[in-house]
Amino acid sequence: MDSGRVAHRRKPDIPVIRPRASDESQHIQQVNTKSLELSKVIRLLEDPLTANLKERHLFVLKKLLKRSQIGFLLKELTGIAKILNICAEKVKDHPDFVPILCEALKICGLPFLKERASDELNYAQDVVEFLSHMGCLMRVSDAEVRQQIVESVKSFYSSVAPKQLLDGTDHLSKPKPRTFHSDNRFSRLSLRLQPTSPGYRLQLLERSGLAQTLLLSMAALENQPAIKLQLLQTLQILSSSSDMNCVLILSARGAETICLHMNEPDPSGQILLRSSKILWNLLERGSKEEVTAQLSSMECVLSLKEAFFHQLMNSVRQSDLQLTNDLLVITTLIAENPNSLLIESSFARQLVVLATFPELKSNNPLVHNLKLNFSNEDLKMKKLLLNLLVVMSKDLAALQLYKEERVMPALLAFVKPPAASSERRPGSGGQEELQLQALATLATIAPLMLDDYKSCQGNTHLLLLLDWCVKKDAHFSQGHSFHATGGRGSKKAQMRHCIRVLRSVVSSGEDSGHQSLCDQGIMNRLLGILMQMEASPDEEDVVTVEIKSDILMILSMLCENDMHRKELFGSEGVEMAVHFLRKGSSRFYSGLGHNKLILSTVDCVWSCIVGCYTTEDYFLAKEGAFLLLDLLSSSPRCGHCSILATLLELCDNRNTLSHILSWRDHSGQTAPRLLLQLWREEEEELKVSRNQHGGIADPQRPILSLYQQEDTQLSFPANVPSAAVLEISENLRSKIYSIFCKLGFQDLPGLSAEHYVTLSIVRGYLDFKVGEVWEEIIKELSLDSVRPISPDEEALSTIREIAEDTAGRVAAEQNSILEQQEKEEIGEEELMYKEIMSRWKQRELTAKSWDSYVSKTSNYEILKEVKAQREKYIESSRPKPKYEDAAVHHTEHFVGQVMSVESTDAQGPAGAKLMLARAPIKTVGQDVAGPTTQDPEYFSTVSAKD
């Protein structure tokens, strides 16, 4: 039926009478009310009395579809769904219903129509059920029906309702003349309808489960490859646009279903491509773990293996090579699942053979006819194979496979300077990418295959490459790949990965490998590289800082337990460590990795310097202890543990103690004060109970942290350390206590009373910890319902009392310290008040002296009075003659000398304070001894006129 063509007949002998607007709208409403009665259509189709009226059914259905050619109304969808189901049942016996069903499904591809804005919300559930019924129509075996269902679903995403139909015109025929009033009525009616929003149907499609229904219908399309391909295209669209659709597909084991059908006969060559795209969408938008779990079965692995090698051997176009790489990526993701059967299916062995081709010659028939032109896609495949080696290395069976297929020699074939290996294949850029990828693979595999690594002289290969990295020549890295990040225009990328491989090999702890590296002079080479990089004018970046950190880690692991290697570290290594320590922690959070560099430097000091007296003394001579303390005071909390541990080990050298005690920071803080401050911060972090002065608040729990109190109801096995023991290694208090045991607890510089309060806790830390352990033993016995024998119970009670007495004694000592401090503060306050009073008294005397001076100079009578008093005083102060005849001699007294002169802020003569001494002038008849010398007399002012 051609629903786009509508036949209209006119009766020319009957005049056209145009009704009024109100009458016309009322007529249209009445006509459509009758035509919208879908219940009558459904009754006609279902009524047993009319069940055989096929022609009548077809006529009514054609009329219904003609009226709905611009889309179905939301309120009609429930009835339309019933009609579609009835038609689907009639198709089995009456093929004439197939065009009707296809036409209805074609209309389903158009947007649904709404009369009001609220229809979308009111009829949402009807839409969900309609779309679900629509997917169930895939049960109809007719190919045309199935194809139309798939196309309608695809049209949800790719098409909209034709504008001509929404305007009331036919998009397949010419516009009708305006004289046809029936068309005008239909046009006006259609203009009142609006299509639903674009996302409305897609959102409800997710809730309908249509994607899951379409996936399940794949089993019925074995003999219809064309429709199956279109169904895969539809599933690709559904899975690429919605996470919910991916969840629904996976819930029906969609990944497994797609994988098992990807190798079916396909003349178009598109089924495998569409299947891989669907799997990609499920991996990206669905649950990656669920997808890999479904694809890890033996059937799926074999199917994937067949598809991969079919593409590998028959790939001609670039798109075929891309599909091969996509399948390889999916295989890599499956390999991450520990339950995958790649090795059991022999797929892994064949992939390993490909990974070693063409570096190693192989008799495997798989690579006999394989040719790689090292195009971009071939390069990607080679890199993916190397990456697959890393992923599969977690399985011990894969390591045995690597040994059998000689993976280690193939990887070491890449570890050659580019000058020596550039002749192997064209394309220096691709060769560089493969070399860096191989080095990254070695960093993971070499520690797992040390025997193969040593038998292939892996250390020698790496040191040769490292020497090439240090040389200055005309090589410039392209820096195109991920592993070449930060190395463009230099050899920094090669050096970075070479150092990484060395670090991973050294970290395995195999002593023969360490000795081999040291015999080949790796320590001097690494120290030379460090100083060369430090002398470079280039600005530091992430790669440079990482290389320095890794070198320091390698040196630390080589020297940690070997005294001879510490001696080889020598003065050059000490100067290098001091150089990095001088940088401090100012760039700790720069984001370039300086935090790792600082911690690696401290670890290098601990492992390479501490323990060897020659390097220790040279380190101390270079102010190494001062630098560690500077770093301790400025670094964040995460670095304190390593620094304190290094200082503690360094304190075994007697020369260290004087350095620690003489250290001062920029604010004058001493080392004991810094350590006590760290102790207080640590206890604050642990939420230890302390009073306002930092003293013991609870004698029963003098050092117990809040976290230990929360675990008091736990009982630990005998072979598991308790919380009190674990706490020693998890915080700084034990290290600070040990350092103070080296420094002593007396005569420490720069401590205040509060610091002495904390110091008393530090001094009793070991006693408190012993009591804490015994308290845990008592509680565990109680939790396990174990009653000690009487002597043991008495001993435990005594231990508990001793611990509490010790805490009480320390608390009393702290109170004494605080009381003594309070007395000292009161004494200092009194002295300050006395000094203030003395100053005010001096000001009063100065003012009084000035007033006296002013009165003498301004009032003559006062001046005469003063002069008379002075003369009287002088006369009375003269000594009387000892003999009678001495009275005839005139004795005069005058100032003999000025003892001292002091200037003040007062004006005039009062501004000078003189200390004068009188001395008599003796006459001839006087006694030689004379009177005793008078004490100096203090005058606040002296005038020349007086």
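Along each chain, residue indices are assigned from 1 in the same order as the chain's sequence is written. Side-chain atom pairs in this predicted model are given and counted only at pLDDT of 80 or more, local residue features only at pLDDT of at least 70, and totals for whole chains, interfaces and linings cover all residues. Only hydrogens and water are set aside when side-chain values are computed; all heavy atoms of the structure are taken into account.

**Focus on the overall build of the chain**
Looking only at helices and strands, one finds 45 helices and 5 strands in the chain. Burial statistics for the chain: of 946 residues in total, 44% are counted as buried. The contact rule is simple, with two residues in contact once any of their heavy atoms fall within 4.5 Å. Within the chain, contacts between residues at least 6 apart in sequence are counted, and of these 74% link residues at least 24 apart. For accessible areas, the Shrake-Rupley method is used with a probe of radius 1.4 Å. Any residue's cover is judged against the shown protein chains and nothing else. Surface exposure of the chain reaches about 50,200 Å², of which carbon and sulfur atoms provide 53%. Helix and strand definitions follow DSSP, with helices as H or I runs of at least four residues and strands as E runs of at least two, each counted in order from the N terminus. The rule is simple: take the accessible area with a 1.4 Å probe, protein chains only, and divide by the maximum for that residue type; under 20% is buried, over 50% is exposed, in between is partly exposed.

**Quick word on the nonpolar core**
For this analysis, a nonpolar core means a set of buried residues of the types Ala, Val, Leu, Ile, Met, Phe, Trp, Tyr and Cys, connected via side-chain atoms within 4.5 Å. Membership of the largest hydrophobic core comes to 219 residues, with the highest contact counts inside it found for Leu 235, Leu 354, Tyr 402 and Leu 555. Discounting chain neighbours no more than four positions away, the residues touching Leu 555 are Met 523, Leu 526, Leu 527, Leu 530, Phe 569, Met 576 and Cys 608.

**Quick notes on a nonpolar patch on the surface**
Side chains of Leu 766, Val 770, Trp 774 and Ile 777 sit close together on the surface and give an oily, nonpolar patch of about 320 Å² of accessible area. Relative to the helices and strands, Val 770 resides in helix H43 (residues 765-783). Put simply, a patch holds well-exposed residues, over 30% relative accessible area, that have no salt bridge, with like charges counted together within 9 Å and Val, Leu, Ile, Met, Phe, Trp or Tyr side chains within 5 Å. Salt bridges are counted wherever a side-chain nitrogen of Lys or Arg sits within 4 Å of a carboxyl oxygen of Asp or Glu.

**Structural notes on the side chain of Thr 441**
Positionally, Thr 441 belongs in helix H25 (residues 428-445). By relative accessible area, which is 1% here, Thr 441 ends up buried. Apart from residues lying up to four places away in sequence, Thr 441 is in contact with Leu 386, Leu 389, Val 390 and Leu 411.

**Some words on the environment of Gln 820**
Tracing the backbone shows Gln 820 in helix H44 (residues 790-858). By relative accessible area, Gln 820 is classed as partly exposed at 42%. Each C-alpha atom, one on Gln 820 and one on Ala 753, is 8.7 Å from the other, the two residues being 67 residues apart in sequence.

**Quick look at helix H2 (residues 38-46)**
What H2 keeps buried is the set Leu 38, Val 41, Ile 42, Leu 44 and Leu 45. For H2, the angular spread of the buried residues around the axis is 160 degrees, confining them to a single face. Its buried side turned inward, H2 meets helix H3 (54-67) and helix H4 (77-90). Note: the arc covers the axis-to-C-beta directions of the helix.

**Quick look at empty space enclosed by the protein**
In this approach the atoms are scanned with a rolling probe the size of a water molecule, which exposes any empty space left behind. The distinction between a cavity and a pocket rests on a 1 Å grid over the protein atoms alone: a 1.4 Å probe fits inside a cavity but cannot get out, while a pocket stays open yet meets protein on both sides within 12 Å along at least five of seven lines, and a residue with an atom within 4 Å of a point counts as lining. Grid points are joined across faces, edges and corners, and a volume is the space filled by probe spheres set on the points. Taken as a whole and assessed by the stated rule, the structure comprises 4 cavities of 30 Å³ or more. Of the voids in this model, the largest cavity is the one considered here, and its volume is about 60 Å³. For the lining of the largest cavity, the elements supplying multiple residues, two or more each, are H3, H4 and helix H5 (97-108). When its residues are assigned to classes, the lining of the largest cavity shows 10 nonpolar, no polar and no charged. Polar here means any residue outside two lists: the nonpolar Ala, Val, Leu, Ile, Met, Phe, Trp, Tyr, Cys and Pro, and the charged Asp, Glu, Lys and Arg; Gly therefore counts as polar.

**Thoughts on the confidence of the model for the chain**
Caution applies to low-pLDDT parts of the model: their predicted coordinates are not meant to be read in detail. Summary of the metric used: pLDDT quantifies the predictor's per-residue confidence within the range 0 to 100. Scored by pLDDT, the chain has a mean of 81; 82% of the residues are at 70 or more. Across residues 420-426, where pLDDT falls below 50, the model places 13 contacts with residues more than four positions away in sequence or in other chains. Every residue in residues 921-946 is under pLDDT 50, and counting partners more than four places away or in other chains gives 40 contacts.

**Points about helix H19 (residues 318-335)**
For H19, spanning 18 residues, the distance from its first C-alpha to its last is 26 Å, which sits close to the expected 26 Å at 1.5 Å a residue. Within H19, 14 of the 18 residues are buried, leaving the element largely enclosed by the surrounding structure. In a helix, the anticipated span is given by 1.5 Å times the number of residues less one.

**A short note on the pattern of salt bridges**
Counting across every chain of the model gives 41 salt bridges. One salt bridge in this structure joins Glu 510 and Lys 454, with 3.3 Å as the shortest N-O distance. Here Glu 510, found in the loop between helix H28 (492-506) and helix H29 (511-519), pairs with Lys 454, found in helix H26 (residues 450-455); they are 56 residues apart in sequence, far enough to count as distant. Judged by its relative accessible area of 25%, Glu 510 falls in the partly exposed class. Taking relative accessible area as the criterion, Lys 454 reaches 36% and is therefore assigned partly exposed. Here the residues in one salt-bridge network are Glu 683, Arg 690, Glu 727, Arg 733, Lys 769 and Glu 772, joined through shared partners.

**Observations concerning the packing of helix H7 (residues 124-136) against helix H11 (residues 198-208)**
H11 packs onto H7 with a crossing angle of 65 degrees between their chain directions and a minimal axis gap of 8 Å. Every pair of crossing elements has a handedness; the one defined by H7 and H11 is right-handed. Across the interface between the two elements, Ala 124, Gln 125, Val 127, Val 128, Leu 131 and Ser 132 from H7 touch Tyr 200, Arg 201, Leu 204, Leu 205, Arg 207 and Ser 208 from H11. Per-class residue counts for the contact of H7 with H11 are 7 nonpolar, 3 polar and 2 charged. Only the stretch in contact is used when fitting a helix axis, every axis being a line fitted to C-alpha atoms; angles between N-to-C directions are given from 0 to 180 degrees. Throughout, a crossing is termed right-handed when the near helix is turned clockwise from the far one, and left-handed when it is turned anticlockwise from it by less than a right angle.

**With respect to the packing of helix H32 (residues 563-582) against helix H34 (residues 613-621)**
The relative placement of two packed helices comes down to the angle between their axes together with the axis-to-axis distance. H34 packs onto H32 with a crossing angle of 25 degrees between their chain directions and a minimal axis gap of 9 Å. The orientation of H32 relative to H34 falls into the category roughly parallel. Every pair of crossing elements has a handedness; the one defined by H32 and H34 is right-handed. Counted together, Lys 566, Gly 570, Ser 571, Val 574, Glu 575, Val 578 and Leu 581 of H32 and Thr 615, Tyr 618 and Phe 619 of H34 form the full contact between these two elements. Of the residues in the contact of H32 with H34, the class split is 5 nonpolar, 3 polar and 2 charged. Here the word oblique covers every angle except those under 35 degrees (roughly parallel), over 145 (roughly antiparallel) and from 65 to 115 (roughly perpendicular).

**Considerations on the packing of aromatic side chains**
Here a ring pair, both rings aromatic, is described through the centre-centre distance and the interplanar angle of the planes. A pair of Phe, Tyr and Trp rings is counted when the ring centres sit within 6.5 Å of each other, with Trp represented by its six-membered ring. The angle between the planes then sorts it: under 30 degrees is stacked, over 60 is edge-to-face, the rest tilted. Considering all chains together, one arrives at 9 aromatic pairs under this definition. With a centroid separation of 5.1 Å and an interplanar angle of 75 degrees, the aromatic rings of Phe 588 and Tyr 589 are classed as edge-to-face. Connected via pairs of aromatic rings, a cluster forms that spans Phe 308, Phe 309 and Phe 347. Charge over a ring is defined by NZ of Lys or CZ of Arg lying within 6 Å of the ring centre and within 35 degrees of the ring normal. Here Arg 201 stacks its cationic end above the ring of Phe 112, 5.6 Å away from the centre of that ring. The ring centre of Trp 840 lies 5.1 Å from the NZ or CZ of Arg 843, which sits over that ring.

**What to know about a negative patch on the surface**
Charge counting treats Lys and Arg as positive and Asp and Glu as negative, with His and both chain ends excluded. Every charge is mapped to an atom, namely NZ of Lys, CZ of Arg, CG of Asp or CD of Glu. A surface patch of like charges, here negative, comprises Glu 819, Glu 822, Glu 824, Glu 825, Glu 828, Glu 829 and Glu 830. Note on placement: Glu 824 falls in helix H44.

**Focus: the state of the cysteines**
Any pair of cysteine sulfurs within 2.5 Å is marked as a disulfide. Enumeration according to the criterion identifies 0 disulfides in this entry. The thiol of Cys 469 is not disulfide-bonded; the next cysteine sulfur, from Cys 498, is found 5.8 Å away. Classification of Cys 469 as buried rests on a relative accessible area of 7%.

**Observations concerning the side chain of Ser 242**
Inspection of the secondary structure assignment puts Ser 242 in the loop between helix H13 (225-241) and helix H14 (243-251). On the basis of relative accessible area, Ser 242 is assigned to the buried category, the value being 2%. Not counting residues within four places of it along the chain, the set of residues in contact with Ser 242 comprises Glu 206 and Arg 285.

**Some points on the environment of Thr 196**
Its location among the elements puts Thr 196 in the loop between strand S2 (194-195) and H11. On the basis of relative accessibility, which here comes to 9%, the residue Thr 196 falls in the buried class. With 123 residues separating them along the chain, Thr 196 and Leu 73 place their C-alpha atoms 9.8 Å apart. Ignoring anything within four residues of it in the chain, the contact list for Thr 196 reads Leu 74, Pro 111, Phe 112 and Glu 120.

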